Amino acid sequence: YQPTTSVSLLQRTLCVSVGYFLCDTCVIVMYKVPQWAVFVVHHCLAALPYLVYLLVASCPQGVYVLSAFLLVEVTNFSLNTQQFLAQAGLGGSKLYVFCLYTTLFNWVIFRLILPIHLLYVLQVYVWPTVTSNWCIVPGLICGYCIAFFCFFVFFFILLKEVKLRWTSHPVITDVPELEDDVRVLRVNPEIPMSEDELEMTRENPERILLYEARERIHEVEKVVDRAIDTTFNR
């Protein structure tokens with residue numbers, strides 16, 4: 001698991017990946033997307049081992065594990081396509097069905113099996129051969145955290161979505177249009193919800209309609225406020 005030829009091209013690829021993590025973290029913080037704090041922690045954990053490898057001259061170890069860990073991003077192609085289709089009102093299309101099950105399949109390969117394999121390689125093969133074990137410690141800790149995150153998302157988010165859709169439409173080869181009981185609530189940072197409201201929404205998904213009504217009212221209020229400001233500024 002140690003390189004036998006030049007890894008300069010691979011290191012450039014790692015630099016691009018670190019740049020993505022850093023830029024995406026800045027965008028997430030600036031726009032405060034739903035659950036933004038979770039994504040910031042996730043990106044920091046993901047980028048730390050690469051920063052250690054690239055910027056600390058005495059820590060050029062574990063390039064195989066670092067490179068292979070980037071394959072977890074394979075799932076993003078179908079996962080992002082799902083989001084685009086849902087936003088376009090095509091949550092019941094055949095393409096959405098294909099992307100849904102593709103995401104599940106790829107998630108098992110690249111975000112469940114692969115991280116476990118790489119953590120095994122890191123501990124059994126890489127750890128005993130490095131001269132500075134402290135260089136591997138950040139990667140080992142972050143690797144376990146990322147693996148836990150991947151397992152959590154698979155069992156408590158992805159499988160939950162499939163279960164809810166199968167409950168409302170038991171034909172597994174088809175996926176119905178997004179209904180109230182399978183829709184994901186995206187909380188507007190300008191209209192925060194209390195813990196009690198979030199819990200009630202989880203238990204009664206139809207409350208999403210009430211929240212969306214509040215959001216529409218908030219948007220109207222913003223338009224009215226801008227119009228008033230423009231009128232008085234004149």
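The preceding data block contains the structure.
Being a predicted model, the structure only gives us computed values, none of them experimental. (Residues numbered from 1 in each chain as written. Predicted model: local features only at pLDDT ≥ 70, side-chain atom pairs only at ≥ 80, totals over all residues. Heavy atoms only, no water.)

### With respect to the nonpolar core
Next, step 1: If you look at the biggest cluster of nonpolar residues, it comprises 37 residues, and the most contacted ones within it are Y50, V65, F69, W107 and V126.
Next, step 2: Residue assignment for this core shows that the elements contributing at least two residues are helix 1 (8-31), helix 2 (36-55), helix 3 (63-69), helix 5 (94-126) and helix 6 (136-168).
Next, step 3: Top element by residues in this core is helix 5. It accounts for 11 residues.
Next, step 4: Discounting residues that sit within four places of it in the chain, V65 has contacts with L118, V121, L122 and V126. (Core = buried A, V, L, I, M, F, W, Y, C linked by side-chain atoms within 4.5 Å. Buried < 20%, exposed > 50% of the residue type's maximum accessible area, 1.4 Å probe, protein only. Helix = DSSP H or I, 4+ residues; strand = E, 2+ residues; numbered from the N terminus. Contact = heavy atoms within 4.5 Å.)

### Some thoughts on helix 4 (residues 76-87)
Next, step 1: Helix length check: helix 4, at 12 residues, gives a terminal C-alpha distance of 16 Å against a target of 16 Å (1.5 Å per residue), a fit within 8%.
Next, step 2: Turning to helix 4, its buried residues are S78, Q82 and L85. Taken around the axis of helix 4, the buried residues stretch over an arc of 70°, which confines them to a single face. Of the exposed residues in helix 4, those oriented more than 90 degrees away from the buried face are F77, F84 and Q87.
Next, step 3: Count one or two residues on from helix 4 and you reach G89, which has phi positive near 80°. (Expected span 1.5 Å × (residues − 1). Arc of directions from axis to C-beta.)

### Quick look at the packing of helix 1 against helix 2
Next, step 1: With their axes 9 Å apart at the nearest point, helix 1 and helix 2 run at an angle of 155° to one another. Here helix 1 is positioned roughly antiparallel relative to helix 2, judged by the angle of their axes. Relative to helix 2, helix 1 is oriented so that their crossing is left-handed. Between helix 1 and helix 2, the residues in contact are Q11, L14, C15, V18, Y20, F21, D24, T25, I28 and V29 and W36, F39, V40, H43, A46, A47, Y50, L51, Y53 and L54, respectively.
Next, step 2: Per-class residue counts for the contact of helix 1 with helix 2 are 16 nonpolar, three polar and one charged. (Axes fitted to C-alpha atoms, helices over the stretch in contact; angles between N-to-C directions. Parallel < 35°, antiparallel > 145°, perpendicular 65-115°, else oblique. Left-handed = near helix turned anticlockwise from the far one by under 90°. Nonpolar A, V, L, I, M, F, W, Y, C, P; charged D, E, K, R; others polar.)

### Describing the pattern of salt bridges
Next, step 1: Under the criterion given, the structure shown has one salt bridge.
Next, step 2: Of the charged contacts in the structure, one is a salt bridge between R111 and E73, with a shortest N-O distance of 3.8 Å. Linking R111 in helix 5 with E73 in the loop between helix 3 and helix 4, this pair joins segments that are 38 residues apart in sequence.
Next, step 3: Overall, the relative accessible area of 7% leaves R111 in the buried class.
Next, step 4: A residue is classified by how much of its surface remains accessible, and E73, at 22% relative accessible area, is partly exposed. (Salt bridge = Lys/Arg side-chain N within 4 Å of Asp/Glu carboxyl O.)

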